[in-house]
Amino acid sequence: MKTYRDKVVVITGGATGIGFSFAKRFGADGAKLVIASRRKDKVDEAVQALRDMGYQAVGTACDVSELSQVEALADFAWESWGRADVIMNNAGIAQRPTPIIATAPEDVERVMRTNYFGVWYCCHVFGKRFIEQGTPAAIYNVGSENSLANFVFIAGTYEASKHALHAMTDAMREEVPDFIEVSFVVPGFVSSEMTDPFGKGLTMDTDRYTGIAFPQLQAGEFYVVSHAYNMKRIDDRYQEISAAYAKYAPRYEGDDEFDARSLMAKIRARMQG
């Protein structure tokens, strides 16, 4: 969206960190804001701060890992402003650095319920309403540079949740109507409540980060990127993949005979026929 003036923007995890910094960007562009987070006291502080800046804002508590609370968030947005136009799925949690095999099952479930299922719930609930509403809308899913490459120190379950979010968002952008924009936001190491306990002083300033990312949302980009050196990690990964294919599955004439995407198109056509 080139402008968010008079658009209703809902931001999960919007009371602090990246979410709050994005809220300021949307507010400065004329958006009406709905701030959501698990902690109502933080939501109230954020809403008051935004109002003090002259922005229109309301807020409510919401734990995105609970579908019923996401449905209540949507109700709150529509009751407050009469509609919603943008959902920014920013809420996420970290994991204690732990090897995959040593990670407790409950920790895996906790991370996935918020970082993946929480985003899916929001896409499911708000996406259906956007389609019914039939007006220009946007779904912005906040992933991580961990969605594109692996950083073992961060812990594998967190990375797995962000990889899953990338795959889901990539598929969704081809499925939604043309009037719904979809973007995948890929922050790097940015100052927040999640990173400051162990990375304070080493992270990118939050407002500097959203200053880089926000114009990309306005331009309708799918990948919203920032930390330049991440291309080194991405290149390393895909060079390794390319080398494996070159050695064991090199291209040949007619090699699309078993291409899954091509075959699925044929299967869909067969089912529709």
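Residues numbered from 1 in each chain as written. Predicted model: local features only at pLDDT ≥ 70, side-chain atom pairs only at ≥ 80, totals over all residues. Heavy atoms only, no water.

Novice: An account of the overall build of the chain is needed here, citing residue identities and associated values.
Specialist: The secondary structure content of the chain amounts to nine helices and seven strands. Here the chain has a C-alpha radius of gyration of 20 Å; the compact-globule value for 273 residues is 19 Å, and the two agree. Based on the C-alpha atoms only, the size of the chain along its principal axes is roughly 65 × 50 × 35 Å. Of all 273 residues assigned to the chain, the portion counted as buried reaches 45%. Considering only contacts within the chain whose residues lie at least 6 apart along the sequence, 69% involve residues at least 24 apart. Accessible surface for the chain amounts to roughly 14,400 Å². Of this, 54% is attributable to carbon and sulfur atoms. (Helix = DSSP H or I, 4+ residues; strand = E, 2+ residues; numbered from the N terminus. Rg over C-alpha atoms; globule rule 2.2 N^0.38 Å. Buried < 20%, exposed > 50% of the residue type's maximum accessible area, 1.4 Å probe, protein only. Contact = heavy atoms within 4.5 Å. Areas by Shrake-Rupley, 256 points an atom, 1.4 Å probe, with all protein chains shown as cover.)

Novice: Can you break down the state of the cysteines residue by residue, with the values?
Specialist: Applying the stated rule across the entire model yields zero disulfides. No disulfide involves Cys122; its nearest neighbouring cysteine sulfur is the one of Cys62, lying 6.2 Å away. There is no disulfide at Cys123, and the cysteine sulfur nearest it, in Cys122, is 7.1 Å away. (Disulfide = S-S within 2.5 Å.)

Novice: With reference to specific residues and values, describe the pairing of strand β6 (residues 180–185).
Specialist: With five of six residues buried, β6 is to be regarded as a mostly interior element. With six bridges connecting them, strand β5 (residues 137–142) and β6 associate as parallel partners. Counterpart to Ala137 in the pairing with β6 is Ile180. As paired elements, β6 and strand β7 (residues 223–224) share two bridges and run parallel to each other. Paired with Phe184 across the strands is Tyr223, a residue of β7. (Pairing = 2+ DSSP bridges.)

Novice: Quick rundown of the nonpolar core? Include the residues and the values.
Specialist: Grouped together as the largest cluster of nonpolar side chains are 37 residues, with contacts concentrated most on Val10, Val70, Ala84, Phe126 and Phe130. Those elements giving two or more residues to this core turn out to be β1 (8–12), β2 (32–37), α3 (67–81), α4 (105–133), β5, α5 (156–175) and β6. The dominant element in this core, judged by the number of residues it contributes, is α4, at nine residues. In terms of nonpolar packing, the next biggest core, distinct from the first, is built from 31 residues, Ala15, Phe20, Val43 and Tyr140 among them. (Core = buried A, V, L, I, M, F, W, Y, C linked by side-chain atoms within 4.5 Å.)

Novice: Summarise the side chain of Thr103; cite the residues concerned and give the values.
Specialist: Take Thr103: it is sitting in the loop between β4 (86–89) and α4. From its side chain, Thr103 meets the backbone oxygen of Pro99 in a polar contact 2.8 Å long. (Polar contact = N/O pair within 3.5 Å; in protein donor to acceptor, adjacent residues only side chain to side chain.)

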